Amino acid sequence: KSRETADAAADPSQKLAADKHQDEATSKKKLCVKAAKEHSIPKDLNKVLENKVMDTVLELSYVKLSVVEMTCSGDADSEGIVSKSVSSHSDLIPGVYEGGLKIWECTFDLMDYLSEAEIEFTNKAVLDLGCGAGLLGIVALRGRADSVHFQDYNSTVIDEITLPNVVANCVEEGRRAGSGKDRKGSQPPSKRPRKAGGSPDVLSRCRFFSGEWSQVSQLLLSSKPCSKYDIILTSETIYNPDYYSALHDTLAQLLDKNGRVYLASKVHYFGVGGGVYLFEKFIEEKNVFRTSMVKTIDQGLQRCIMEIAFKNSC
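Residues numbered from 1 in each chain as written. Predicted model: local features only at pLDDT ≥ 70, side-chain atom pairs only at ≥ 80, totals over all residues. Heavy atoms only, no water.

Colleague: Before we move on, could you go through unusual backbone geometry and cite the residues and values that matter?
Modeller: In this structure, N51 takes a positive phi of about 65 degrees despite not being glycine. Here N51 is to be found in the loop between helix 3 (45–48) and strand 2 (54–57). We classify N51 as exposed; its relative accessible area is 60%. Despite not being glycine, N287 shows a phi value in the positive range, around 60 degrees. In this fold, N287 is placed in the loop between helix 12 (276–286) and strand 9 (289–297). (Helix = DSSP H or I, 4+ residues; strand = E, 2+ residues; numbered from the N terminus. Buried < 20%, exposed > 50% of the residue type's maximum accessible area, 1.4 Å probe, protein only.)

Listed below in structure tokens is the structure:
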């Protein structure tokens, strides 16, 4: 790269060619935006859980991800993210796979906080942004939210993980997830594929979306009625500073004027560069939201829960 720069500096025509090449590369990068897609809920719910093996944590059932990695291929993984993640031994391939095949640590932090702070979901519109397994949205469903929408970057994650998890947990509406103290004592994992017992009434309150944040925002804002959320839940979505602008704009566009965002994050993401204080500074510079750190977890790598609201909100 440095050699190309030196050559270009010596020859103006080469510099023009290099600049043009860089502009084209930047343009192509901008065009590589994953389009938004709404995922329909199959009528036969047993198909959703077919060949799925479940684990249990915090009284919630979730698809055993190691089994998904072994069995998900072909049409079930049209994006190829499972094979790419496994072959590269990576939990993150920017612009291709954004970590939805794994349940990240801060998800449990936020679940604990929602229980401890007794966050009220009854009759609220909730968005689980960057949902992955969808456990945060499922907590909201069990808290009698009026509607819960789930979004993940990858369509494979929605179809193979999020949707099955929601179906598996819609057996008893209104139950709340337990506290962190119950985590080790949760029920042992089921060794068999599970049959659907999901309530159609609960599922009628859910919608599922995949795609890049700006694209999903456009889709939601163009829908009738326009979707605005009382509560947005998001965990481990600020690891990459390159995404801060898109995330900030999405929150600004989709949050109700008196709504709240609850964001769980590590203080710093080594190797990627993001972190809670960097994002907090970004928000301050935009001057749209106010923030407060409502919980800090010092066990292991320091983690935080941030509450975000519009500056002029109640």
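There is more to say, and it comes next.
Colleague: Tell me what's going on with the pattern of salt bridges, and back it up with residues and numbers.
Modeller: Counted by the stated rule, this structure contains seven salt bridges. Taking the shortest distance from any N to any O, the salt bridge between R303 and E105 comes out at 3.2 Å. On the criterion of sequence distance, the pair formed by R303 in strand 10 (residues 303–310) and E105 in helix 6 (residues 105–116) is long-range, its members being 198 residues apart. The class of R303 is buried, set by a relative accessible area of 4%. Salt-bridge contacts for E236 lead to K266; the nearest nitrogen and oxygen are separated by 2.9 Å. Of the two residues, E236 sits in the loop between strand 7 (229–235) and helix 11 (244–254) while K266 sits in strand 8 (residues 255–266), which places them 30 residues apart along the sequence. (Salt bridge = Lys/Arg side-chain N within 4 Å of Asp/Glu carboxyl O.)

Colleague: Quick rundown of the packing of helix 10 (residues 213–222) against helix 11? Include the residues and the values.
Modeller: Put simply, helix 10 and helix 11 touch, their axes get as near as 9 Å, and they point 15 degrees apart. Taken together, the axes of helix 10 and helix 11 are roughly parallel relative to one another. Relative to helix 11, the crossing made by helix 10 is left-handed. Counting all contacts with helix 10, which are made through W213, S214, S217, L220 and L221, the residues of helix 11 involved are A246, L247, T250, Q253 and L254. Looking at the contact of helix 10 with helix 11, its residues break down into six nonpolar, four polar and no charged. (Axes fitted to C-alpha atoms, helices over the stretch in contact; angles between N-to-C directions. Parallel < 35°, antiparallel > 145°, perpendicular 65-115°, else oblique. Left-handed = near helix turned anticlockwise from the far one by under 90°. Contact = heavy atoms within 4.5 Å. Nonpolar A, V, L, I, M, F, W, Y, C, P; charged D, E, K, R; others polar.)

Colleague: Explain the pairing of strand 8 to me, and be specific about the residues and the numbers.
Modeller: Most of strand 8 is tucked away, with nine of its twelve residues classed as buried. Pairing of strand 7 with strand 8, which is carried by six bridges, proceeds in the parallel orientation. Following the sheet pairing, I231 is matched in strand 8 by R260. (Pairing = 2+ DSSP bridges.)

Colleague: So what about the sheet that holds strand 10? Which residues, and what values?
Modeller: Spatially, 1-6-5-4-7-8-10-9 is the arrangement adopted by the eight strands of the open sheet, whose pairing is mixed. Each edge of the open sheet carries a strand with a single partner, namely strand 1 (37–39) and strand 9. Each strand axis lies, on average, 20 degrees off the axis of its neighbour in the sheet, ignoring direction. Relative to strand 10, strand 8 runs antiparallel, the two sharing six bridges.

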